[in-house]
Amino acid sequence: MSSRSSKDLLSFTEDLLTRVYEKLGSESDRKSWRLVCREFLRVDSLTRNHLRVLRVEFLQSLPGKYPRLQSLDLSVCPCIDDGTFSLLLNRHASGSESGSLSWFSWARGLKRLTLSRAAGLGFMGLEALVHACPSLESVDVSYCCGFGDREAAALSNAARLRVLKMDKCLNVSDVGLAKIVVRCGKLERLSLKWCMEISDLGVDLLCKKCLDLKFLDISYLKVTNESLRTIATLQKLEVLAMVGCPLVDDVGLQFLENGCPLLQGIDVSRCECVSSSGLISVIKGHGSLRELNASYILSELCTTFLHCIKGLKHLEMIRIDGSRIAEPSFSVISNYCKSLVEIGLCKCVGVTNMGIMQLASGCITLRVLNLTCCGSITDAAISAIAESCRNLVCLKLESCNMITEKSLYQLGSFCSVLEEIDLTDCCGVNDKGLEYMSNCSGLKCLKLGICTNVSDKGLFSIGSNCPKIHELDLYCCSGIGDEGLGALSMGCKNLMKLNLSYCNEITDRGMEYISCLEELSDLEMRGLEKVTGTGLAAIAAGCKRLADLDLKHCVKVNDSGFWALACYAKNLRQINLSYCPISDMALCLVMGNLTRLQDAKLVHLSNVSVDGFELALRACSFRIKKVKLFAPLRFLLSSEILENLHARGCKIRWD
Amino acid sequence: MDPNNRLSGNELRNSIPNQTAFSHFNTQHPQKWEDPSLIDYSTRIEPPFQGFNQVKISQDGLGNEMRSTYKIQDWDPSAMLNNLSFLEQKIHQLQELVHLIVGRRMQVLGRPDEFVTQQQQLLNADLTSIIVQLISTAGSLLPSVKSTLPAAPPSVGQFGQLGGAVFPLPGLNGGVQLQNTNGSKVPDQPNQSDISANCVTEQNLNIEEHDLKEEEDADEGENLPPGTYEILQPEKEEILAPHTHFCTICGKGFKRDANLRMHMRGHGDEYKTPAALAKPHKEPSSEPTLIKRYSCPYSGCKRNKDHKKFQPLKTILCVKNHYKRTHCDKSYTCSRCNTKRFSVIADLKTHEKHCGKDKWLCSCGTTFSRKDKLFGHITLFQGHTPAISVEESKALVGPSDQKEGNQGTNKAGSMNFNFPPNATSDSGIQSIMDVKGNTDDPAGIFSPLNFDNFGGFGEFPRPPFDDSESSFAFLLSGSYNYSQKNEADDNSNNLA
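Residues numbered from 1 in each chain as written. Chains lettered and ligands numbered in written order. Predicted model: local features only at pLDDT ≥ 70, side-chain atom pairs only at ≥ 80, totals over all residues. Heavy atoms only, no water.

- The name recorded for chain B in an unreviewed UniProt entry is C2H2-type domain-containing protein, from Rubroshorea leprosula.
- Taken directly from UniProt, the Subcellular location (unreviewed entry) text for chain B runs: "Nucleus". (UniProt positions renumbered as here; feature names shortened; annotations may be inferred.)

- Chain A carries the name F-box/LRR-repeat protein 15-like leucin rich repeat domain-containing protein in an unreviewed UniProt entry, which gives Rubroshorea leprosula as its organism.

**What to know about the overall build of chain B**
Move 1: On a plain count of helices and strands, chain B comes out with 21 helices and eight strands.
Move 2: Within the span of chain B, comprising 496 residues, buried residues form 48% of the whole.
Move 3: If you sum the accessible surface of chain B, you get close to 24,800 Å²; carbon and sulfur atoms cover 55% of it. (Helix = DSSP H or I, 4+ residues; strand = E, 2+ residues; numbered from the N terminus. Buried < 20%, exposed > 50% of the residue type's maximum accessible area, 1.4 Å probe, protein only. Areas by Shrake-Rupley, 256 points an atom, 1.4 Å probe, with all protein chains shown as cover.)

**Overview of the overall build of chain A**
Move 1: Helix and strand counts for chain A stand at 28 helices and 24 strands.
Move 2: Of all 655 residues assigned to chain A, the portion counted as buried reaches 54%.
Move 3: Long-range contacts, defined here as pairs at least 24 residues apart, represent 73% of the contacts in chain A between residues at least 6 apart.
Move 4: Entry remark: accessible area of chain A is about 26,000 Å², with carbon and sulfur atoms responsible for 52%. (Contact = heavy atoms within 4.5 Å.)

**What to know about the environment of Q254 of chain A**
Move 1: Inspection of the secondary structure assignment puts Q254 of chain A in helix α12 (residues 250-257).
Move 2: A sequence separation of 23 residues divides Q254 of chain A from S277 of chain A, and the C-alpha atoms of the two residues are 8.8 Å apart.

**What to know about a nonpolar patch on the surface**
Residues and elements named next belong to chain A.
Move 1: Taken together, the side chains of F12, L16 and V20 define a hydrophobic patch exposed on the protein surface, amounting to about 220 Å² of accessible area.
Move 2: By secondary structure assignment, the location of L16 is in helix α2 (residues 14-23).
Move 3: Residue class for L16 comes out partly exposed when judged on its relative accessible area of 41%. (Patch = residues over 30% accessible without salt bridge, like charges linked within 9 Å, V, L, I, M, F, W, Y side chains within 5 Å. Salt bridge = Lys/Arg side-chain N within 4 Å of Asp/Glu carboxyl O.)

**With respect to the packing of helix α16 (residues 353-362) of chain A against helix α17 (residues 379-388) of chain A**
Residues and elements named next belong to chain A.
Move 1: Relative to each other, α16 and α17 sit at 5°, their axes nearing to 8 Å. Relative to α17, the element α16 lies roughly parallel. Within the contact between the two elements, α16 uses N353, I356, M357, A360 and S361 and α17 uses A380, A381, A384, I385 and S388.
Move 2: Looking at side-chain class alone, the contact of α16 with α17 contains seven nonpolar, three polar and no charged residues. (Axes fitted to C-alpha atoms, helices over the stretch in contact; angles between N-to-C directions. Parallel < 35°, antiparallel > 145°, perpendicular 65-115°, else oblique. Nonpolar A, V, L, I, M, F, W, Y, C, P; charged D, E, K, R; others polar.)

**Some thoughts on the UniProt feature "domain: C2H2-type" (unreviewed entry) in chain B**
Move 1: Those residues carrying the UniProt feature "domain: C2H2-type" (unreviewed entry) are residues 245-272 of chain B in this numbering.
Move 2: Helix and strand shares over residues 245-272 of chain B are 29% and 14% respectively, and the end C-alpha atoms of the span are 18 Å apart.

**A closer look at the nonpolar core**
Move 1: The biggest cluster of nonpolar side chains holds 219 residues, and the ones touching the most others in it are L115, I231, L240, L345 and F562 of chain A.
Move 2: The element that contributes the greatest number of residues to this core is helix α9 (residues 174-183) of chain A, accounting for six residues.
Move 3: For I231 of chain A, the contacting residues outside a window of four places in its chain are V203, C207, L216, I218, L237, L240, L256 and C260 of chain A.
Move 4: The next biggest cluster of nonpolar side chains, apart from the first, holds 14 residues, and it includes L127, I130, F254 and M264 of chain B. (Core = buried A, V, L, I, M, F, W, Y, C linked by side-chain atoms within 4.5 Å.)

**Examining the environment of S413 of chain A**
Move 1: Structurally, S413 of chain A can be placed in helix α18 (residues 405-414).
Move 2: Separated by 23 residues in sequence, S413 of chain A and R390 of chain A have C-alpha atoms that sit 9.7 Å apart.

**What to know about the pairing of strand β22 (residues 599-602) of chain A**
Residues and elements named next belong to chain A.
Move 1: Relative to β22, strand β21 (residues 574-576) is paired through three bridges, and the arrangement is parallel. Residue pairing in the sheet places I575 in a bridge with A600 of β22.
Move 2: You can see the chain leave β21, run along helix α25 (residues 584-593) and come back into β22, and the turn it takes is right-handed.
Move 3: Sheet topology note: the β22/strand β23 (residues 626-629) ladder contains four bridges and is parallel. (Pairing = 2+ DSSP bridges. Right-handed = clockwise from strand over helix to strand, strands pointing away.)

**Some remarks on the packing of α25 of chain A against helix α26 (residues 610-620) of chain A**
Residue and element names in this part refer to chain A.
Move 1: Where α25 meets α26, the closest approach of the two axes is 8 Å, and the angle between their N-to-C directions is 15°. Relative to α26, the element α25 is oriented roughly parallel. As α25 packs across α26, the resulting crossing turns out to be right-handed. In this structure, α25 contributes D584, L587, C588, M591 and G592 to the contact, and α26 contributes G612, F613, L615, A616, A619 and C620.
Move 2: Taken together, the residues that form the contact of α25 with α26 break down as eight nonpolar, two polar and one charged. (Left-handed = near helix turned anticlockwise from the far one by under 90°.)

**Focus on the pattern of salt bridges**
Residues and elements named next belong to chain A.
Move 1: Going through the model one piece at a time under the given rule, you end up with 29 salt bridges over all chains.
Move 2: The closest approach of N and O atoms between E14 and R42, which form a salt bridge, is 2.4 Å. Pair noted here: E14 is in helix α2 and R42 is in helix α4 (residues 38-47), with a separation of 28 residues, a long-range link.
Move 3: Its salt-bridge partner being R319, residue E342 comes within 2.8 Å of it at the nearest N-O pair. With a gap of 23 residues between them, E342 in strand β12 (residues 342-344) and R319 in strand β11 (residues 317-319) connect regions that are remote in the sequence.
Move 4: By relative accessible area, R319 is classed as partly exposed at 28%.

**What to know about unusual backbone geometry**
Residue and element names in this part refer to chain A.
Move 1: The backbone of W194 sits at a positive phi, close to 65°, despite the residue not being glycine.
Move 2: One can find W194 in the loop between β6 (189-191) and α10 (200-209).
Move 3: Owing to a relative accessible area of 26%, W194 belongs among the partly exposed residues under this scheme.
Move 4: Even without being glycine, C373 reaches a positive phi, approximately 60°.

**A word on the confidence of the model for chain A**
Move 1: Across chain A, the average pLDDT comes to 90, with 96% of residues at 70 or higher.
Move 2: Taken together, the stretch residues 95-102 of chain A has pLDDT below 50 and engages in five contacts with residues farther than four places along the chain or on a different chain. (pLDDT = per-residue confidence, 0-100.)

**Some points on helix α15 (residues 345-354) of chain B**
Structural remark: α-helix, 3.6 residues per turn; residues separated by three or four positions point the same way.
Residues and elements named next belong to chain B.
Move 1: Restricting attention to buried positions, one finds in α15 the residues D347, L348, H351 and E352. One side of α15 holds all its buried residues, which, seen down the axis, span an arc of 135°. Turned more than 90 degrees from where α15 packs its buried face, K349 and K353 sit exposed.
Move 2: Those residues of α15 that are buried lie in contact with α14 (316-327), β5 (332-333) and β6 (341-342). (Arc of directions from axis to C-beta.)

Right, dumping it as structure tokens:
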């Protein structure tokens, strides 16, 4: 960049810079932008409306810098607690008194709050937060397992709430739900998945108070047909998810036949007592249904059900996983459901080449096809799909053992937009196949687990032609060596998730290649017996974003590697060190230094003494959320540390 | 009706002293009998009151005699009649008892001494109790004659009583039935007594119009003017006795006469006849039906006949429950919550059915025993939400002895242990909760439905309630408003 052009760029008004900034697509681009100069940084902070805080230690200073903040994501800071927020809010409150508007500017304008897994947060912190953010419209408190009615009551003060996700808030009962539905009458999307305490009464009240509800998830709740009776009165409901509701049967679904006039999607998968007759009544009542998930409830696609399916002209998604399906059914689907975009046939019995060919001939708009465990599929079927369904984006062929490189040739030739393909356990996949496959240059996710015929040559093709890949699974691909990884690290710079477990040929050199992948956040390298501390040190130093690392059975990795890990892998959230020869000192360092670490699996560490465990746990006790330990340690560790961990909400799994 | 109307009040007052005298007489005696050997005297005493309930006139002669007495003398006849029939019954009992003792002495010759003495003591106790009752009742006859002799011409009230007393008398025996004025076939005897009952109530209806105002706050929905009913006042000891029916042979006590009759079958074939097993009050020889109302023996109580706004109790059971609930220690403690205490065991049982179950509380202060009822309520009323963690605070607080002091001073306080202060419930945030917990307390404690556990709401002494009810309401609304306005309310979400 010449000095003249940079001067021009700097002379742009803030307004223009903002417009340019808004064109930036990815987070890494925005990061580069911020690093240009102070002016650009200022534009970034003035424009930025979404903030995902990666390290809780920066939380105190960050939000105040972004006056237009609308969305705050704290889901990767699960160690936040009431104190964090009282400090944050008081600090900014006092700041506002002294003339700064920072408190108002970020909290007042905040609309979306993601507190997923923030189990350390209590109702008082939540309460204060909700009061500080009066324009809150969307809150995600999913997987805050300890949340109960008090927390729900605190949330209910956000009267403008429209979207609420409470998945697995295990202690929220009808009372808590009642608090929310009474005070947040504008709710449009609500997820109560796994809120096991909620019963018919709560759902009943919900349907009477929140009449604007468009999306409702009551999966796994112990609700009965009565709930569906009241749900049917919701005039605006568009999507109902009720996975695994064991007490709902066909009678309940019959209520829906004449209710919910705007219903577009329904998920009744794994509802044990629901049969096709219940589904038929839902379908009869809603000819404009777009999405239907009937996985694992239909033993067989009966003719009446198929007859009803004919009426669904707008059907876009159908999943009938685990059903027995006869060949004629495919022609019915392909002839009548012309707008189908996704079909799920996972573990279906009776899926044949002929059936898939019939399907492919009709459903040319198909984008997602799941044929997992449909073992009788051969190249003929895949060829038919590739030729007809040119828009295919995702194809899952796990355990389709009869697939050969011919299928991949067809896919590579015709499905240019393919982004995701799962070839796990397809022993017919070889280097040639991968070469064909690499014609899909937009490929983002490739799963080659247990494809033992794949070698470095195949990875060369992928590495050179598929730059967008961000997930690659090479589990047990024993033919893979360091050179293949070299090719990957050169070509697939966007790789975020990599599984190299049990690729036994990989050595430290391969790890050094991997360390060039700056975006890598998940690395699974179990059982790499040739990798030593040097390799791990390279990874730790190179992959700055590494968040999840699995080192189980890496028996050659010595303390130098772990020391490097403790020094560099600051973003590490999960680690599996089981069966590693880590020493007392290194374990203490790893556990103490890695400030974002939440989950550690520490079983069978033969070189670590009880004192070492004690010290390591002490070092991380205030932030660790989950730890797996060797069972006999239960009686060897001091009760003090165990109590301390429990008090902090840490789950200990004894192995 | 006629000038005599005015006198009915006097008349009533005249009749009351009779009974009080009778009761005084009786109450003086227990001390005398508190001999260690007779320790179960109080529980075994055959209450004189029983005679009032099931008066049996088995001997025509006596009945006739009594009737003639009534005709000659114009004093309170029913009380007299009651006393006399009671005496008669007692004498019979006494006779039987003595027979029994004689019989025993023959029988038990070979038995171990301990058993014999025990039996002996029991018999002695019965004997003494009957004799005491005899004396007391006989004594009560005297003043009643005295006081009524100089009485003025019969008042309206007395008319009623007389009507009730005299009219069914023909039904007492076959001989008199023939003298019946209609001269036709003898009607069924139960019918006759029905007629008499109607007669009395009709009379009462006539009088009712005059006295409506005075009885306005009678909560039982009946407005019996004073004097139109007979007031009976059982004794404290009788109320507290665990049994009211005793076997005249072995002395075993029963709560119900029916049980006694079942028991009697074991004493011989003569008790197995249908007549012996039949309900006594259905017998044709039953006492003329006069409306009976009951008075609480506790002076100063609104249910005591000396109270100026006296409200009678309908049945003997009402008296018992009322007396125990109001004037006795609450000796039954709920074993689950260890806080609620009751004096009537049935109340305890009722409570225990619900105790331990969640109390469902609405933000408006209303409690519900069932969750669906609470949710129905919330559905109905805009803005109402369920209160949180009643169960938590309940579980954590356990024995809330700090409230116990209230019991003596305030009757209402003693029954409000349902919602212990929330402040103590949450250890982690106690410091913050403390202040709020106390302010919110009243809403939980004085929620109106708390009183529901006490089936006989009407039998509570009104005054303490009447005085405090308004203040409860104030506290209720006050605390609710407070929680609405205050941002801090959610620090103590357990209530708001």
